[in-house]
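Topology and contacts: notes
What follows is each chain in one-letter form.
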Amino acid sequence: MAATMISLTRAHAARLGTASATRAMTAREKDAGRPYETASYIPIPESILFVAIPFLIALAGLASAHAAGTGNGTAAGSQGVNEDYTQWYTGSLVSPSGALTKKGVFAWEPYFAYSQPVGNLDSVGRAAPIKDRAHMVSSFTLYKYSITNSISLQMTPTISYGWRHGGYGGTTSGVKMGDLPVDVMWRYLDADPKRYIPALSLFVGVAFPAGDYTKLGRAEDGVGTGTYTFRVALTEQSTYTLPGHHELRLRTWGTFRRALTQAHIADISSYGTSAGFRGLAHPGMYGESGFSLEYGVNQKWVIAMDLARDWANGSRVRGYNAQGKYQDVLGQASGDWVIAPAVEYNWSPRFGIIAGVTAIFAGHNTGQVISPQFAFNSVF
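Okay, so let's go over this structure. (Residues numbered from 1 in each chain as written. Predicted model: local features only at pLDDT ≥ 70, side-chain atom pairs only at ≥ 80, totals over all residues. Heavy atoms only, no water.)

Summing up its helical and strand segments, the protein chain has 2 helices and 19 strands in all. Taking all 380 residues of the protein chain together, 56% fall into the buried category. Of the contacts made within the protein chain by residues no fewer than 6 positions apart, 69% connect residues no fewer than 24 positions apart. When the accessible surface of the protein chain is totalled, it reaches about 14,700 Å², and 64% of it is carbon and sulfur. (Helix = DSSP H or I, 4+ residues; strand = E, 2+ residues; numbered from the N terminus. Buried < 20%, exposed > 50% of the residue type's maximum accessible area, 1.4 Å probe, protein only. Contact = heavy atoms within 4.5 Å. Areas by Shrake-Rupley, 256 points an atom, 1.4 Å probe, with all protein chains shown as cover.)

Structure follows, in structure tokens:
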């Protein structure tokens, strides 16, 4: 099964630059509380465009290739089968998987990642030296259960431990848990290979404010937003049979996140405030679009690659500092491009592993981070 990988690389990048660019928002917003002369927003039409692009790409390709099937493996009831054998998948590092296709199936997939900062990208995308080497090790685990043949529930908790090099501070006070996303997933269109129709799924959910975000003993402990965040995503998945009976699985997706509430913050917080501050914070909207390809070398071995584009508006922080001065600060918008090559090995339809690297290679107002990671996939 392919899992939704919350991008710990981008969450970590949010600690390095001047604006947030996270999918899960489990790391603190790096721009909050830092003053700028003008506000910088990504307009709503562009946000919608980011969600629409992957589906235009997918529909354009349907007429030119043969869809062999979609799914997360035979245990989930939707694996594409060629003439010789059933192709087994674990799933790429970044792409979201759709709803499971058999009632009562449970999927469990833990990810482990190490984030290494390598640079910063300024407002026009130029590389800049690193001053704050904020390293992080993280574990993200996907739990998914199918309550019907087309509706699944998904929960994705994250824990992390961070430390800084270069004279900018110490470590987190311990292993920290981030905000907790919970999603309902509905596959509203089943794949129909004979008619070249892919599987389409809709995700709707909320991220609950489980991570520390206010009255922190140290800035490194800020791993949450303090807000309930609405989450929505659309995903497409289709499998094509190439010459030599090799399977090529395509996924495209678009996601959108928006905070439903404001965070009451005091003293040191996830939003960059200092001791004595009292006020409110509101994370900016953010989202992602991308596509992944998985090529079956043989039944057990698969080569995977993701390419994704993230965007995020700056957070707004309002309140009074320790001197009683009112502040109303809006952070800059940010964006990044991420590539994630990986190799999958599956020793059965139910069990497999994946190992690879996610890397931010372009963008603006964000950090450049390389993150080696691996995951174990299991379906019951």
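Its place among the elements puts Ser146 in strand E3 (residues 133-146). Residue class for Ser146 comes out buried when judged on its relative accessible area of 0%. Residues in contact with Ser146, not counting those within four places in the same chain, are Leu100, Lys102, Lys103, Gly104, Val105, Ile151 and Ser152.

With that out of the way, let us pick up the nonpolar core. One recurring pattern in soluble globular proteins: nonpolar side chains tend to sit buried together. Membership of the largest hydrophobic core is limited to 12 residues, which are Leu93, Val94, Tyr111, Phe140, Leu142, Trp253, Ala304, Ala308, Ala340, Ala342, Ile354 and Ala375. Going through the elements one at a time, E3, strand E14 (301-312) and strand E17 (334-346) are the ones with two or more residues in this core. Contact partners of Ala304, with chain neighbours within four places excluded, come to Ser92, Leu293, Glu294, Ala340, Pro341, Ala342 and Glu344. Core analysis: the second largest hydrophobic core is formed by 6 residues, Ile265, Phe277, Ala281 and Val317 among them. (Core = buried A, V, L, I, M, F, W, Y, C linked by side-chain atoms within 4.5 Å.)

The subject of this paragraph is the side chain of Ser238. Here Ser238 is to be found in strand E9 (residues 229-242). Polar side-chain contacts of Ser238 include one of 2.8 Å to the side chain of Glu236. A polar contact of 2.8 Å, which involves the side chain of Ser238, links it to the side chain of Tyr240. (Polar contact = N/O pair within 3.5 Å; in protein donor to acceptor, adjacent residues only side chain to side chain.)

We describe a pair of aromatic rings using the distance from one ring centre to the other and the angle between the two ring planes. Across all of its chains, the model carries 14 aromatic pairs by this definition. Plain terms: the ring middles of Tyr111 and Phe140 are 5.6 Å apart, the flat faces sit at 50° to each other, and that makes the pair tilted. A residue pair is termed long-range when its members are at least 10 positions apart, and Tyr111 in strand E1 (residues 106-121) and Phe140 in strand E3 qualify at 29 residues. Owing to a relative accessible area of 0%, Phe140 belongs among the buried residues under this scheme. Their ring planes at 35° and their centres at 6.3 Å tell us that Tyr345 and Trp347 sit as a pair that is tilted. Exposure remark for Trp347: the relative accessible area of 38% places this residue in the partly exposed category. Put simply, the rings of Trp108, Trp301, Tyr345, Trp347, Phe351, Phe376 and Phe380 pair up and form one aromatic cluster. (Phe/Tyr/Trp six-rings, centres within 6.5 Å; stacked < 30°, edge-to-face > 60°.)

Turning to the sheet that holds strand E11 (residues 263-266), a few remarks are in order. Taken in spatial order, the 4 strands line up as E11-E12-E15-E16 in an open sheet, and their pairing is antiparallel. Two strands lie at the open edges of the sheet, namely E11 and strand E16 (326-330), each paired on one side alone. Along the sheet, successive strands turn relative to each other by an average axial angle of 20°, direction set aside. As paired elements, strand E12 (residues 278-282) and strand E15 (residues 316-320) share 5 bridges and run antiparallel to each other. Paired with Arg278 across the strands is Tyr320, a residue of E15. (Pairing = 2+ DSSP bridges. Axes fitted to C-alpha atoms, helices over the stretch in contact; angles between N-to-C directions.)

Now for unusual backbone geometry. One non-glycine residue, His245, lies in positive phi territory at about 60°. Secondary-structure assignment places His245 in the loop between E9 and strand E10 (246-259). Residue classification places His245 among the partly exposed positions, given a relative accessible area of 27%. One non-glycine residue with positive phi stands out, namely Asp267, at about 60°. If you trace the backbone, Asp267 turns up in the loop between E11 and E12.

Moving on: the pairing of E16. The pairing of E15 with E16 spans 5 bridges and is antiparallel. Its bridge partner lying in E16, Arg316 is registered against Leu330. Here E15 folds back onto E16 in antiparallel fashion, the turn holding 5 residues, of which Gly324 has a positive phi close to 80°.

To continue, consider the pattern of salt bridges. Here the idea is simple: oppositely charged side chains can pair when their charged atoms come close. Under the defined criterion, the tally for this structure stands at 8 salt bridges. Measuring nitrogen to oxygen at the nearest pair gives 2.6 Å for the salt bridge that ties Asp212 to Lys176. Separated by 36 residues along the polypeptide, Asp212 in the loop between strand E8 (199-208) and E9 and Lys176 in strand E6 (residues 176-177) bring together distant segments of the chain. Note on Asp212: relative accessible area 34%, which makes it partly exposed. On the accessibility criterion, Lys176 (11% relative accessible area) is buried. Measuring nitrogen to oxygen at the nearest pair gives 2.6 Å for the salt bridge that ties Arg187 to Asp190. Accessibility expressed as a relative area gives 10% for Arg187, which makes it buried. Looking at Asp190, the relative accessible area reads 47%, which means it is partly exposed. (Salt bridge = Lys/Arg side-chain N within 4 Å of Asp/Glu carboxyl O.)

By the secondary structure assignment, Val338 is in strand E17. Along the backbone, Val338 and Val369 are 31 residues apart, and their C-alpha atoms lie at a distance of 9.6 Å.

With respect to burial, E3 is a largely interior element, 10 of its 14 residues being buried. Relative to strand E4 (residues 151-155), E3 runs antiparallel, the two sharing 4 bridges. Bridge pairing links Tyr145 to Leu153 in E4. Between E3 and E4, which pair antiparallel in sequence order, lie 4 residues.

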